[in-house]
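Tertiary structure, described
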Amino acid sequence: MGKYGYSIEKNTWPYIGYRGMINKTVTDVAIHHRRKKLRPDCFRRNPSTDNEKHKESHLLLHQATSHHRPSAAATTPAQKLLSFKPSNPLFSQNSRLTTSSITATRSFTCKSQSNPSDASRPSEVQKLFVYEINERDRGSPYLQLSQKTVNSLGDLVPFSNKLYAGDLQKQLGITAGLCILIKNEPEKKVDWYEATYSFYFGDYGHLAVQGAYVTNQDTCLAVTGRSGIFEGVFGQVKLQQIVFPFKLFYTFYLKGIQELLSEFVCMPVPSSPTVEPSWAARACEAGAAILNFTD
């Protein structure tokens, strides 16, 4: 036991009065500072060192994020999809089949946009010559819907006339249609009509046309409909005004069909105001009319 009761062996102070307690407190503080000096550096907090470590950590994080940031040359999602290789061979086979099906569908769609029958359709022009004769026996009226003293826009002319072959030796059928007055020129005594009508050829079918009808000049109309032996035909028809409204001569230019039947093939009579059908054709005698002609 040393002075003031200090024990060297135990390194302690006894609790001897008030003075002894003060001495113990001083000793504890000294021991605490001595232990602090002996602490390893790794457990000491140094503000400057911590700041440097923080900067170093931030720099490392920045480099890591910069390394993973996608560049301009990085692969796009589409490239990743194209470069994707499934490990399942069955899936690979199915994907190839799906791709082939899509390719086949696209090529089929392209082919369907063009008509495959166009290449096989005859390109030679077939001419059909027909006379239309108004014999004033079918009662075609003029409907003056404008209720004016002169022909005016909107007036209608429903009509039906007889058809004869170009040589006037055979009756072919009838026309049936409607003309709508578009313009009247009284100083020229000319009417302009929009005409839509059909040529009926008995059991052989019909041809429908549409276009301009002018009372003092020739016009050209489009073939817009067909049936029977004329199925698939396209083309146009030239209308020649001979004597308005009694005699007209038509020349059809037809494409898309085979050669016309002999019943429709003939050498036409030159058109003139004096042409008339034969008496046999008028009377529809045997051999002077087509089979079951339309009347």
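Residues numbered from 1 in each chain as written. Predicted model: local features only at pLDDT ≥ 70, side-chain atom pairs only at ≥ 80, totals over all residues. Heavy atoms only, no water.

1. Notes on the overall build of the chain
When its secondary structure is counted, the chain shows 5 helices and 9 strands. Each helix and strand of the chain, placed in order from N terminus to C terminus, yields the pattern α-α-α-α-β-β-β-β-β-β-β-β-β-α. Taking as baseline every contact in the chain between residues at least 6 positions apart, the subset at least 24 positions apart corresponds to 51%. Carbon and sulfur atoms make up 58% of the accessible area of the chain, which totals about 20300 Å². (Helix = DSSP H or I, 4+ residues; strand = E, 2+ residues; numbered from the N terminus. Contact = heavy atoms within 4.5 Å. Areas by Shrake-Rupley, 256 points an atom, 1.4 Å probe, with all protein chains shown as cover.)

2. Section: the packing of aromatic side chains
Scanning the entire structure with this criterion turns up 14 aromatic pairs. Here the aromatic rings of Phe201 and Phe264 are separated by 5.5 Å at their centres, their planes lie at 90 degrees, and the arrangement is edge-to-face. With Phe201 in the loop between strand E5 (190-200) and strand E6 (206-214) and Phe264 in the loop between strand E9 (247-255) and helix H5 (279-282), the pair connects residues that are 63 residues apart, well separated along the chain. When sorted by exposure, Phe201 lands in the same class as Phe264, which is buried. Among the aromatic residues, ring-to-ring pairing joins Phe159, Tyr197, Phe199, Tyr250 and Phe252 into one connected group. (Phe/Tyr/Trp six-rings, centres within 6.5 Å; stacked < 30°, edge-to-face > 60°. Buried < 20%, exposed > 50% of the residue type's maximum accessible area, 1.4 Å probe, protein only.)

3. Focus: the confidence of the model for the chain
Taken residue by residue, the chain gives an average pLDDT of 76. The fraction at 70 or more is 59%. The model gives residues 15-20 a pLDDT under 50, and that stretch makes 5 contacts with residues more than four places away or in other chains. For the stretch residues 97-116, pLDDT sits under 50, and the model shows 1 contact to residues farther than four places along the chain or on other chains. (pLDDT = per-residue confidence, 0-100.)

4. Quick notes on the pattern of salt bridges
What the rule picks out here adds up to 7 salt bridges. Notably, a salt bridge pairs Glu135 with Arg282, separated by 3.1 Å at the nearest N-O pair. Linking Glu135 in the loop between strand E1 (126-133) and strand E2 (156-159) with Arg282 in helix H5, this pair joins segments that are 147 residues apart in sequence. Residue class for Glu135 comes out partly exposed when judged on its relative accessible area of 22%. With a shortest N-O distance of 3.1 Å, Asp137 and Lys162 are connected by a salt bridge. With a gap of 25 residues between them, Asp137 in the loop between E1 and E2 and Lys162 in strand E3 (residues 162-165) connect regions that are remote in the sequence. (Salt bridge = Lys/Arg side-chain N within 4 Å of Asp/Glu carboxyl O.)

5. Structural notes on the nonpolar core
Within the largest apolar cluster, 33 residues are counted, with the highest numbers of intra-cluster contacts made by Leu128, Phe201, Phe230 and Phe252. If we ignore the near neighbours within four places in the chain, the residues touching Phe201 are Leu128, Val130, Leu163, Leu172, His206, Leu207, Phe230, Phe264, Ile290 and Thr294. Of all hydrophobic cores here, the second largest spans 9 residues; its members include Tyr131, Leu168, Val275 and Ala281. (Core = buried A, V, L, I, M, F, W, Y, C linked by side-chain atoms within 4.5 Å.)

6. Notes on the layout of surface pockets
Its boundaries defined by the atoms lining it, the largest pocket holds a volume of some 330 Å³. Forming the walls of the largest pocket are 19 residues, and the residues nearest its centre are Val157, Phe159, Tyr213, Phe244 and Pro245. Those elements giving two or more residues to the lining of the largest pocket turn out to be E2, E5 and E9. It is E5 that provides the largest number of residues to the lining of the largest pocket, a total of 4 residues. (1 Å grid on protein atoms, 1.4 Å probe; cavity = no way out; pocket = protein on both sides within 12 Å on 5 of 7 lines; lining within 4 Å. Points joined across faces, edges and corners; volume = space filled by probe spheres on them.)

7. A few points about the pairing of E9
Of all the 9 residues making up E9, 7 are buried; the element is thus mostly covered by neighbouring parts of the structure. Pairing geometry for E1 and E9, over 8 bridges, is antiparallel. Residue pairing for E9: Leu128 is matched across the bridge by Phe252. Where strand E8 (residues 234-243) lies against E9, 9 bridges are found, and the strand directions are antiparallel. Opposite Lys238, over in E9, you have Thr251 as the bridge partner. Turn length for the E8-E9 hairpin, with the two strands adjacent in sequence and antiparallel, is 3 residues. (Pairing = 2+ DSSP bridges.)

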